[in-house]
Amino acid sequence: MKIGKYILANKITTLSVCVLLFFAIPWIVVSGKVIKVDPMTITDEQFLDSIEKISGRQIKESRPLQERAARAIAKKYNMKNAEIVILVSFSGPRPPEGGYVYWGVRGQLDGKWVIWQPYTNPPLRPGRELEDPKRYQKCNSPQTKILTSIGYIAIVDLKVGDMVMTETNQFVPVLKISKVKATNHHVSLVHFDNGSVVQISPTHPLADGRFMGQLKPGDKVGTMHVVSAQLIFYEYEYTYDILPDSPSANYYAEGILLKSTISVAKKY
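Definitions and limits used
- Residues numbered from 1 in each chain as written.
- Predicted model: local features only at pLDDT ≥ 70, side-chain atom pairs only at ≥ 80, totals over all residues.
- Heavy atoms only, no water.
- Buried < 20%, exposed > 50% of the residue type's maximum accessible area, 1.4 Å probe, protein only.
- Helix = DSSP H or I, 4+ residues; strand = E, 2+ residues; numbered from the N terminus.
- Pairing = 2+ DSSP bridges.
- Axes fitted to C-alpha atoms, helices over the stretch in contact; angles between N-to-C directions.
- Phe/Tyr/Trp six-rings, centres within 6.5 Å; stacked < 30°, edge-to-face > 60°.
- Lys NZ or Arg CZ within 6 Å of the ring centre and 35° of its normal.
- Patch = residues over 30% accessible without salt bridge, like charges linked within 9 Å, V, L, I, M, F, W, Y side chains within 5 Å.
- Areas by Shrake-Rupley, 256 points an atom, 1.4 Å probe, with all protein chains shown as cover.
- Salt bridge = Lys/Arg side-chain N within 4 Å of Asp/Glu carboxyl O.

A. Seen up close, the pairing of strand β4 (residues 100-109). With nine of 10 residues buried, β4 is to be regarded as a mostly interior element. Strand direction decides the pairing type here: strand β3 (residues 80-89) and β4, joined by eight bridges, are antiparallel. Residue pairing across strands places S89 opposite Y100, the latter belonging to β4. In sequence, β4 turns back onto strand β5 (residues 112-116) through a hairpin of two residues, with D110 there showing a positive phi of about 55 degrees.

Here is the structure:
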């Protein structure tokens, strides 16, 4: 009986250790497949192939993963004094629980500080601090309809010089159009009682000072009321914004008066 209990206890202990290791080892991508691996056992080539797919939260919670990532990037770029850098950001009115977590590796090249950060272009640049990508993603999905002198047109189809309506009910030309690459981006999906549906970055400002991410069911926006609002993963490659030729930089998108996030022209 004692031997049986000993064997059973050993099996339970082994099972507990296996379960613990399963949840402790991070998910990463190897050869296009998402699997559980020990970052210390795969090859450098496999690790570098996967490194941009490792999330900030995985890096933040795994010391072995931090050490392996720092070594891999240092080896790739011949970086000295390499170390992991982590940034927790609460950009925007509705960040996820715990904030957005970004990571990178900083070190020295030829005696100067540089930082490598996934999902940025270029990934390696001078400096020591991480960028917060969410600060620059405050725009519209490509199919957002903008009120122009010839009716509503998708923002992706607008050109500089097209006439758009401002809050003064006058049409003014578009001075600039921005197209920003969106990586791991989320947008506010908002349904209104008149049937309008928009996908706009939660940090994009309305003309009245609110942000898209602050809207909730029952809120009034112009003559419309919000029916539902939720944060969803952004399916498009880019976000878009325009700068109308007006002091306010406001324009109508799907009946919503938005404020442009592009710098207002200096002449005002």
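Back to the write-up after that little detour.
B. Looking closely at the sheet that holds β3. On the basis of which strands lie adjacent, the open sheet formed by four strands has the order β3-β4-β5-β6 and antiparallel pairing. Each edge of the sheet is formed by a strand with only one pairing partner; in this case those strands are β3 and β6 (124-126). Adjacent strand axes in the sheet meet at a mean angle of 30 degrees, parallel and antiparallel pairs treated alike. Bridging between β4 and β5 involves five bridges; their strand directions are antiparallel. Residue pairing for β5: R106 is matched across the bridge by I115.

C. Region of the structure containing the packing of aromatic side chains. Tallied over the entire structure, the rule returns three aromatic pairs. Directly above the aromatic system of W113 lies the positively charged group of R128, at a separation of 4.1 Å from the ring centroid. The ring centre of Y238 lies 5.4 Å from the NZ or CZ of K181, which sits over that ring.

D. Quick peek at the pairing of strand β11 (residues 186-192). Across the seven residues that make up β11, a large majority, five, are buried. Inspection of the sheet shows β11 paired to strand β14 (residues 224-233) by seven bridges, in the antiparallel sense. Paired with H191 across the strands is S228, a residue of β14. The antiparallel pairing of β11 with strand β12 (residues 197-200) creates a hairpin that spans four residues between the two strands, and G195 there sits at a positive phi of about 100 degrees.

E. Region of interest: a nonpolar patch on the surface. A surface patch of nonpolar side chains, amounting to about 250 Å² of accessible area, comprises I86, V88 and F90. Looking at the element boundaries, I86 is found in strand β3. With a relative accessible area of 33%, I86 lands in the partly exposed category.

F. Seen up close, the environment of G195. With respect to the secondary-structure elements, G195 resides in the loop between β11 and β12. Judged by relative accessible area, G195 falls into the exposed class, the value being 55%. Considering only alpha carbons, one finds G195 and V227, 32 residues apart in sequence, at a separation of 9.3 Å.

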